[in-house]
Amino acid sequence: MLDKFPMQQILNEEGKVNPDAGIDKISIEQIKHFYYLMLRARLLDKKSVKLQRQGRIGTYVQYEGQEAAQVGSAAALEKGDWMFPTYRDHAATLTFGHSMRNLLLNWRGRIEGGLPPEGINIFPPAIPIASQLPHAAGAAWAEKKRGSDRVSLVYFGDGATSEGDFHEGLNFASVFQVPAVFFNQNNGFAISVPMEKQMNTKTIAQKGLGYDMECARVDGNDILAVYFAVKEAVERARKGEGPTLLEAVTWRYGAHTTADDPSKYRDQSESEKRRETTDPLLRLERYLKNEGEWEDAWTAALQEDINKEIETALEEMENYPEPDMSQLFDHVFDVPTWTIQEQIDEHLAVKGRKS
Amino acid sequence: MTTSVQMKKMTMIQGINDAMRTMLAEDENVLVMGQDVGVNGGVFRATEGLYEEFGKERIIDTPLAESGIIGTSIGLAVNGFKPIAEMQFFGFIYPAFNQIMTHATRIRQRSMGRYTAPIVIRAPYGAGVKAPEIHSDSVEALFTHMPGIKVVVPSNAYDAKGLLIESVNDPNPVLFLEPMRCYRSSRVEVPEEKYTIKLGKAAVRKEGEDISVFTWGAMTIETMKAVEQIEKEQNVSCEVIDLRTLYPMDKDTIAASVQKTGRALIVHEAPATGGVSGEVMSVINDTSFLYLRSPVERVCGFDIPVPVYSLENEYIPSPEKIKNAIQRSISF
Ligand SMILES: Cc1ncc(C[n+]2csc(CCOP(=O)(O)OP(=O)(O)O)c2C)c(N)n1
Ligand SMILES: [Mg+2]
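So, how was this worked out
Residues numbered from 1 in each chain as written. Chains lettered and ligands numbered in written order. Predicted model: local features only at pLDDT ≥ 70, side-chain atom pairs only at ≥ 80, totals over all residues. Heavy atoms only, no water. Pairing = 2+ DSSP bridges. Helix = DSSP H or I, 4+ residues; strand = E, 2+ residues; numbered from the N terminus. Axes fitted to C-alpha atoms, helices over the stretch in contact; angles between N-to-C directions. Near = heavy atom within 4 Å. Polar contact = N/O pair within 3.5 Å; in protein donor to acceptor, adjacent residues only side chain to side chain. Areas by Shrake-Rupley, 256 points an atom, 1.4 Å probe, with all protein chains shown as cover. Contact = heavy atoms within 4.5 Å. Donors = N, O, S within 2.8 Å, 3.2 Å for Na, K, Ca; no water. Buried < 20%, exposed > 50% of the residue type's maximum accessible area, 1.4 Å probe, protein only. Expected span 1.5 Å × (residues − 1). Patch = residues over 30% accessible without salt bridge, like charges linked within 9 Å, V, L, I, M, F, W, Y side chains within 5 Å. Salt bridge = Lys/Arg side-chain N within 4 Å of Asp/Glu carboxyl O. Core = buried A, V, L, I, M, F, W, Y, C linked by side-chain atoms within 4.5 Å. pLDDT = per-residue confidence, 0-100. Buried area = accessible area lost by both parts, 1.4 Å probe. Nonpolar A, V, L, I, M, F, W, Y, C, P; charged D, E, K, R; others polar.

A. Geometry of the sheet that holds strand E4 (residues 82-86) of chain B. Residues and elements named next belong to chain B. The mixed open sheet is built from 7 strands, whose spatial order is E3-E2-E4-E5-E7-E6-E12. Two strands bound the open sheet, and with one partner strand each, they are strand E3 (59-61) and strand E12 (245-247). Here the strands of the sheet are splayed against their neighbours by 20° on average, with no regard to which way each runs. Pairing geometry for strand E2 (residues 30-34) and E4, over 5 bridges, is parallel. Bridged to Val30 within E4 is Lys82.

See below:
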């Protein structure tokens, strides 16, 4: 199946464009904007890892190395579309308009962390693996029933393809021909379990064939390949031509989470090698240099702006009011049942009201 | 017997590891399977070293699919193997619920005893370790309610080793819940050799005269704290009982204790409504109603999803609440 699903690429590792890839469809400004978005995601990720080490946030899930897959896919969405992320997809949610402060609050164990600004359709990150795929199919189904042209985009990893929910989500989407894009980030590992142990297939894209679904495999470290593949899938969905399964082949540089030690199960020198070769930011940098569009002053200014944005978000996170314990009980139901109301009263009698 | 038993100080996670190693060495049909249990040694290191010692045919990194793990465990078990299946966290057991509820627990009866599923399902559980959402669920009552499976919850290394070995030996399905807070909270002397602790037997952690406090898992920590404090502060003597097996429950120990003290309190982390505390109350009602000097009290989690970690300490029953409940009962 590898030959049926070659890894589509537009920009190679040297930053050279594949001549039949249609790069003229995209402007240099757009490419520079992609660079900015990926840099923003990367700097936030690096900062978050530091914050975890300093004890300012709890266990953190890093995505460094997966910026092209996440940013490129999110950039293909429009307002009103739906996004269903996992715990690792804050580069995607940030790109789609999530609040940086709230993303940080999420890692402080705050419920607000799952909420994007009003009017942006991002589900709270799915923790149970693959559980979000049927949701994406359902939300897309609703758009179809309503006759709109909005779509849903759902993220999941290589490990997620083993769960029943993966197959059920794809099948529903296929049976009801809903406008959903199933976007797989194949980073080669589900915690310690490599793809070869997770499945006997060489690609994830081919699993779409079982559902008679459009499917393709792209270089997930090439933001242009990702962007165009997702855009095509999104446009197909908007036109009512059904769902798509995309496999973006990528790599996480770091540990599964800050609580994980990758040296237990893999040679981390692979990550070091990839930083110099397949890295998504480096690739755009090489492209821009090849095109004579790279200026050190430009990136320096970007970095400075982004760092300021991160510092502001961080300050907001740290100055954010302590959680009120009423949050424990709020919104479990529309109005508390009597058992919960009794528990509230008893709890407050012991603890006293905070606000 | 006068043979001296070699003892070793262990954390609970080491006791669990030791139990699995013991059973793997003794019975070649024992398998360990789950997500990241092989090369990685488990996300809590429960299976550390087992892959190196017993190899990939017996310590199996499975695909990421709980229903698949339990479903294939059932097939392996009816066909002669004894799988110890790990759910990476108890909050991720739900995809396997169907397999446990409709097959693992029923195959013995459905086949009139011809097929059995002697599987052990291990799962880290409970709040209090600042884990991400869903990882901290305490839903033991879903399984004590489920006919056909035993439910065991150790709180220390000694119990964990003896109970896990007994669970593997048990010809029935056993759910073996491992409170994450207890994994490394204490080190106790554990025999290096094989020993077992009967399922269905509670442990009296501390004898007392005025009230019986029933609890299990991580709540033994909070309960012992509360009891130490209140006994210092006032003239009251508390008996603390760690149930250890939630199904079948140790009716005799519960009855004997309540008949001695005349008062009872149950402490658990899971939501109150439908919680196992109701079953303890029922045992007390059936065996010891006329011995009671005050209504049975309980301190439990709220009827809400376990909160994200910034609020989990508000959720977990505190020593203060436990003391208040003891006080209410004593001064009724
Ligand atoms: C149903 C369920 N089972 C187990 C877990 C524990 N877990 C968290 S992440 C993970 C691996 C996921 O791998 P993959 O789908 O490849 O995504 P990645 O983490 O690589 O982004 C596991 C097993 C979980 N969150 N949900
Ligand atoms: Mg993965």
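B. Representation of the site of ligand 1. In the neighbourhood of ligand 1, 20 residues make up the surrounding shell, with Tyr87, Arg88, Ile127 and Gly159 of chain A together with Glu66 of chain B lying closest. Ligand 1 sits at a junction of chains, with neighbouring residues supplied by chains A and B. In this structure, an oxygen atom belonging to ligand 1 sits 2.9 Å away from a side-chain N or O atom of Asp158 of chain A. Protein chains shield 96% of the accessible area of ligand 1, which is 570 Å² for the free molecule.

C. Quick look at the sheet that holds strand E3 (residues 152-157) of chain A. All names here are of chain A. Strands sit in the order E2-E1-E3-E4-E8-E7 across an open sheet of 6 strands; the sheet is parallel. Each edge of the open sheet carries a strand with a single partner, namely strand E2 (121-122) and strand E7 (214-219). Pairing of strand E1 (residues 82-84) with E3, which is carried by 3 bridges, proceeds in the parallel orientation. Bridge pairing in E3 places Phe84 opposite Val154. Sitting on the sheet, helix H8 (residues 223-238) is in contact with E3, strand E4 (180-186), E7 and strand E8 (244-249), with an inclination near 165° to E7.

D. Examining the coordination of the magnesium ion (ligand 2) more closely. Residues and elements named next belong to chain A. The protein atoms that coordinate the magnesium ion (ligand 2) are Asp158 (OD), Asn187 (OD1) and Phe189 (O), at distances spanning 2.1 Å. The sequence pattern describing where the donors of the magnesium ion (ligand 2) fall on their chain is D-x28-N-x1-F. Of this pair, Asp158 sits in the loop between E3 and helix H6 (164-175) while Phe189 is found in strand E5 (residues 189-190), placing the two residues 31 residues apart along the sequence. Relative accessible area serves as the criterion here: at 1%, Asp158 is assigned to the buried category. In this structure Phe189 comes out as buried when scored by relative accessible area, which is 12%.

E. Seen up close, helix H7 (residues 157-169) of chain B. Residues and elements named next belong to chain B. The terminal C-alpha atoms of H7 lie 18 Å apart, and with 13 residues this matches the ideal 18 Å at 1.5 Å per residue to within 8%. Most of H7 sits inside the fold, with 10 of its 13 residues counted as buried. Taken as a whole, H7 has its buried residues at Ala157, Asp159, Ala160, Lys161, Gly162, Leu163, Leu164, Ile165, Ser167 and Val168. For H7, the side-chain oxygen to backbone nitrogen distance between the N-cap and Tyr158 is 3.0 Å, and the N-cap itself is Asn156.

F. Quick look at a nonpolar patch on the surface. Residues and elements named next belong to chain A. Residues Phe172, Val175 and Phe176 make up a contiguous nonpolar surface patch of about 270 Å² in total accessible area. Tracing the backbone through its elements, the reader meets Phe176 in the loop between H6 and E4. Classification of Phe176 as partly exposed rests on a relative accessible area of 32%.

G. Main features of the nonpolar core. By size, the foremost hydrophobic cluster in this structure holds 137 residues, and its most contacted members are Phe183 and Leu224 of chain A together with Ile16, Met20, Leu265 and Ile326 of chain B. Among the elements that line this core, the one with the most residues is helix H1 (residues 28-53) of chain A, at 12 residues. Setting aside anything within four residues of it in sequence, one finds Met20 of chain B in contact with Val32, Ala46, Thr47, Leu50, Ile84, Arg122 and Leu164 of chain B. Counting residues in hydrophobic clusters, the runner-up holds 42 residues, among them Ala117, Val139, Phe143 and Ile266 of chain B.

H. The arrangement of the confidence of the model for chain B in detail. Per-residue confidence for chain B averages 97 on the pLDDT scale, and 99% of its residues sit at or above 70. Taken together, the chains of this predicted complex give a pTM of 0.97 and an interface ipTM of 0.96.

I. A look at the interface of chain B and chain A. On the chain A side, the residues contacting the 35 residues of chain B number 37 residues. Note on chain B versus chain A: buried area summed over both sides is about 3,000 Å², and carbon and sulfur give 60% of it. Considering only the side of chain B, the residues that lose the most area to chain A are Leu64, Leu311 and Glu314 of chain B, jointly responsible for 20% of the buried surface there. Our count for the contact surface shared by chain B and chain A stands at 2 salt bridges. Among the salt bridges present, the one from Glu48 of chain B reaches Lys264 of chain A, with a minimum N-O distance of 3.3 Å. At the junction of chain B with chain A, the criterion picks out 11 residue pairs in polar contact (both at pLDDT 80 or more). Elements represented by at least two residues in the side of chain B that touches chain A include exactly helix H11 (312-315) and helix H12 (319-330) of chain B. Sorting elements by how many residues they give to the side of chain B that touches chain A places H12 of chain B first, with 3 residues. Considered class by class, the residues forming the side of chain B that touches chain A number 18 nonpolar, 7 polar and 10 charged.

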